[in-house]
There are 2 protein chains.
Amino acid sequence: MTLSSSRRRRSRQPAPASSAEGRQSLGQVVHPGGGGAPFGLHAELQKMTAQEIMDAKALAASKSHSEAERRRRERINNHLAKLRSLLPSTTKTDKASLLAEVIQHVKELKRQTSLIAESSPVPTESDELTVDKEADEEGRAVIKASICCEDRSDLLPDLINTLKALRLRTLKAEITTLGGRVKNVLFITGDDESTTCDHHSIQDALKAVMDKTAEDSASGSVKRQRTNINILQHRSL
Amino acid sequence: MTLSSSRRRRSRQPAPASSAEGRQSLGQVVHPGGGGAPFGLHAELQKMTAQEIMDAKALAASKSHSEAERRRRERINNHLAKLRSLLPSTTKTDKASLLAEVIQHVKELKRQTSLIAESSPVPTESDELTVDKEADEEGRAVIKASICCEDRSDLLPDLINTLKALRLRTLKAEITTLGGRVKNVLFITGDDESTTCDHHSIQDALKAVMDKTAEDSASGSVKRQRTNINILQHRSL
DNA sequence: AATTACACGTGATTC
DNA sequence: TGAATCACGTGTAAT
């Protein structure tokens, strides 16, 4: 990519030479009639006042503008400082590098938490679906499927029907519910030797079940409470 | 705080009116002798070329400068976009609000992981010390102390002596080591009724033990390996 | 001397 | 209309 091609301005009209001829720098405004020029007194005064009025207006506007912008910058930098304090390595003073480290840190934390969530039987707030191939103690191929989603009365029948349609047999199921959420950890295997046992078909089928919303069959079902409950119900079959 | 007092500029000299009278705006440089003024031809040409040289130099410098700044901006904004994509709620388009959400998210993730680490017997890479009051099954007050730090040969004796000095009795201890790190989870209670059992003293004493570095008694002790090992040694007594 | 990074003020744009 | 946000070019300091 060339340097010039990297220029992407905002979608804006081709600068229609803004009506008022752009005042320059506005910190030290030029007064065209300010040096005792040969004008009538009232004219000069009038011009002065008019100019001063314009100046005052423009200066006030510009002042508030720049101050607002300063406040915005201050907010952003405060947030960056807070982020820097939260990070383990305080060393990098550079702003862009700081953000890069924040990205790495967020990714790392997300990785850790998702790893924890996968190995935990307690359902989380976000939907999850993992399908892993494992080795049975007899060397038989076993698939461990973990499904975490909103609980509903016909989730288990749906799962059973889905697995039956795929000609799969569930060896063990750990079902844990918490506050209207449910996490099913299924250990499934092929019904016989000639069965569709690939990841993709299983994942897709289970995802379809997971994504089914709760409004079906029982049309006017009461909305279940979603607040955190300290009661943990766990049944293993 | 007044508005004017909020202005804090960088530590800079009071603007010594930079030697060359500051060229203005540099995008459309004013040519003082550019309008066919009554000068000699060679003088005019010389002036023109000199001016043009200056212009070319300055313009090139300014160009590279502005382009460098543009690249910097682009880097930062790319990082911000990446952060935005990592966040759960993509809604907030505002830049400052985005950073605020990043802060919240990082805090939340840190909270979750630290919570996990506390309840896990496996030592982590960072030193940790938690002292929690718990209830015994007989209603007796029990204190659960978790200490995660670099392992050393006299850590356990130190802990024992410290607890003895505080007249505390350890009911149970779970000691888990991994790759030169150790995590001790102690369940302790008062030796008798008149014992110093408050959090602060226990926390301080244990922190002193935890912060003791490994160079003592065995002066020239060999530096233990710090790489991750997949062997997990756990003994509960 | 050239590069890098930051804060600033400003024009444009959106609501 | 103001208020708020953004990208931009620039001045300035540090390396």
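Residues numbered from 1 in each chain as written. Chains lettered and ligands numbered in written order. Predicted model: local features only at pLDDT ≥ 70, side-chain atom pairs only at ≥ 80, totals over all residues. Heavy atoms only, no water.

Describing the overall build of chain A
Looking only at helices and strands, chain A features 4 helices and 5 strands. Expressed as a percentage of the 237 residues in chain A, the buried residues total 29%. The contacts of chain A with a sequence gap of at least 6 include a subset with a gap of at least 24, amounting to 63%. When the accessible surface of chain A is split by element, carbon and sulfur atoms take 55% of a total near 16,300 Å². (Helix = DSSP H or I, 4+ residues; strand = E, 2+ residues; numbered from the N terminus. Buried < 20%, exposed > 50% of the residue type's maximum accessible area, 1.4 Å probe, protein only. Contact = heavy atoms within 4.5 Å. Areas by Shrake-Rupley, 256 points an atom, 1.4 Å probe, with all protein chains shown as cover.)

What to know about unusual backbone geometry
Here arginine 167 of chain A, not a glycine, exhibits a phi torsion of approximately 55°, which is positive. The residue arginine 167 of chain A is located in the loop between helix H3 (155–165) and strand S3 (168–178) in this model.

What to know about the confidence of the model for chain A
Averaged over every residue, the pLDDT of chain A is 74; the share at 70 or more is 66%. A low-confidence stretch, residues 219–237 of chain A stays under pLDDT 50, and its non-local contacts, those more than four residues away or across chains, total 33 contacts. (pLDDT = per-residue confidence, 0-100.)

Re the pattern of salt bridges
Residues and elements named next belong to chain A. Evaluated as defined, the whole model comprises 18 salt bridges over all chains. With its nearest N and O atoms 3.0 Å apart, the salt bridge here joins arginine 152 to aspartate 158. Here the salt bridges share partners, and the residues they tie into one network are Arg152, Asp154, Asp158 and Lys212. (Salt bridge = Lys/Arg side-chain N within 4 Å of Asp/Glu carboxyl O.)

A closer look at the relation of the copies chain A and chain B
Copies of the same chain, two in number, are related to each other by a rotation about an axis and a translation along it. For the pair chain A and chain B, the relating rotation is 177°, the translation along its axis is 0.1 Å, and the fit reaches an RMSD of 0.4 Å. The operation mapping one copy onto its partner corresponds to a two-fold rotation axis. A share of 100% of interface residues in chain A that are also interface residues in chain B marks the association as one of identical surfaces. (Least-squares fit on C-alpha atoms with pLDDT ≥ 70 in both.)

Some remarks on the side chain of asparagine 184 of chain A
Residues and elements named next belong to chain A. Take asparagine 184: it is sitting in strand S4 (residues 181–190). Overall, the relative accessible area of 2% leaves asparagine 184 in the buried class. Here asparagine 184 is in contact with Ala145, Ser146, Ile147, Leu155, Leu156, Leu159, Glu174 and Ile175, once residues within four sequence places are set aside.

Structural notes on the packing of aromatic side chains
Summed over all chains, the structure comprises 0 aromatic pairs over all chains. Between the NZ or CZ atom of lysine 172 of chain A and the centre of the ring of phenylalanine 187 of chain A, over which it lies, the distance is 4.8 Å. (Phe/Tyr/Trp six-rings, centres within 6.5 Å; stacked < 30°, edge-to-face > 60°. Lys NZ or Arg CZ within 6 Å of the ring centre and 35° of its normal.)

Regarding the interface of chain A and chain B
Contacts between chain A and chain B engage 27 residues on the former and 29 residues on the latter. Summing both partners gives a buried area of about 2,900 Å² for chain A against chain B, and 71% of it is carried by carbon and sulfur. Linking chain A to chain B there are 0 salt bridges. The dominant element in the side of chain A that touches chain B, judged by the number of residues it contributes, is helix H2 (residues 95–119) of chain A, at 14 residues. Class assignment of the residues belonging to the side of chain A that touches chain B gives a composition of 13 nonpolar, 4 polar and 10 charged. (Buried area = accessible area lost by both parts, 1.4 Å probe. Nonpolar A, V, L, I, M, F, W, Y, C, P; charged D, E, K, R; others polar.)

Considering the packing of helix H3 (residues 155–165) of chain B against helix H4 (residues 199–211) of chain B
Packed helices, taken two at a time, are described by their axes: the angle between them and the distance between them. All names here are of chain B. Closest axis-to-axis distance for the H3/H4 pair is 10 Å, and the angle between their directions is 160°. The angle between H3 and H4 places the two elements in the roughly antiparallel class. Of the two possible hands of crossing, H3 and H4 adopt the one that is right-handed. On the side of H3, the interface is formed by Leu155, Asp158, Leu159, Thr162 and Leu163, while H4 contributes Ala205, Leu206 and Val209. Of the residues belonging to the contact of H3 with H4, the class tally is 6 nonpolar, 1 polar and 1 charged. (Axes fitted to C-alpha atoms, helices over the stretch in contact; angles between N-to-C directions. Parallel < 35°, antiparallel > 145°, perpendicular 65-115°, else oblique. Left-handed = near helix turned anticlockwise from the far one by under 90°.)

Brief notes about H3 of chain B
All names here are of chain B. Those residues of H3 that fall on the buried side of the exposure criterion are Leu155, Asp158, Leu159, Thr162 and Leu163. All buried residues of H3 project into a common sector of 125° when viewed along the axis, lining one side. With respect to the buried face of H3, the exposed residues turned more than 90 degrees away are Lys164 and Ala165. In this structure, the buried residues of H3 make contact with strand S2 (141–150), strand S3 (168–178), strand S4 (181–190) and H4. Of the residues flanking the end of H3, it is arginine 167, one or two places downstream, whose phi is positive at about 60°. (Arc of directions from axis to C-beta.)

Describing the nonpolar core
Nonpolar side chains in soluble globular proteins generally cluster together in the buried interior. Grouped together as the largest cluster of nonpolar side chains are 22 residues, with contacts concentrated most on Leu83, Leu99 and Val102 of chain A together with Leu83, Leu99 and Val102 of chain B. Those elements that provide at least two residues to this core are helix H1 (41–86) and H2 of chain A together with helix H1 (41–86) and helix H2 (95–119) of chain B. (Core = buried A, V, L, I, M, F, W, Y, C linked by side-chain atoms within 4.5 Å.)

Details of the side chain of threonine 176 of chain B
Examined against the element boundaries, threonine 176 of chain B turns out to sit in strand S3. At 3.3 Å, the side chain of threonine 176 of chain B forms a polar contact with the backbone oxygen of proline 121 of chain B. (Polar contact = N/O pair within 3.5 Å; in protein donor to acceptor, adjacent residues only side chain to side chain.)

Re the pairing of strand S1 (residues 128–135) of chain B
Residue and element names in this part refer to chain B. Bridge count for S1 against S2 is 8 bridges, and the pairing is antiparallel. In the sheet register, threonine 130 faces S2, and the bridge partner there is serine 146. In this structure, the hairpin formed by S1 and S2 is closed by a connection of 5 residues, where glycine 139 is found at a positive phi of approximately 85°. (Pairing = 2+ DSSP bridges.)

Here's the deal with the pairing of S4 of chain B
All names here are of chain B. A large share of S4 lies buried, amounting to 10 of its 10 residues. Across 8 bridges, the pairing between S2 and S4 is antiparallel. For lysine 144, the partnering residue across the bridge sits in S4 and is phenylalanine 187. When S3 meets S4, the two strands line up antiparallel, connected through 10 bridges. Looking at S4, one finds that threonine 170 is bridged to isoleucine 188.

Focus on the packing of H2 of chain A against H2 of chain B
One can describe the packing of H2 of chain A onto H2 of chain B by two numbers: an axis separation of 10 Å at closest approach and a directional angle of 40°. Regarding the angle of H2 of chain A to H2 of chain B, the classification is oblique. Considering how the two elements wind past one another, H2 of chain A and H2 of chain B form a crossing that is left-handed. Residues Leu99, Val102, His105, Val106, Leu109, Lys110, Gln112, Thr113 and Ile116 of chain A of H2 of chain A touch H2 of chain B, and the partners they reach there are Leu99, Val102, His105, Val106, Leu109, Lys110, Gln112, Thr113 and Ile116 of chain B.

A look at the environment of lysine 92 of chain A
All names here are of chain A. Here lysine 92 lies in the loop between H1 and H2. Classification of lysine 92 as partly exposed rests on a relative accessible area of 44%. Ignoring any residue separated from it by four or fewer positions in sequence, one finds lysine 92 in contact with Arg84, Ser97 and Glu101.

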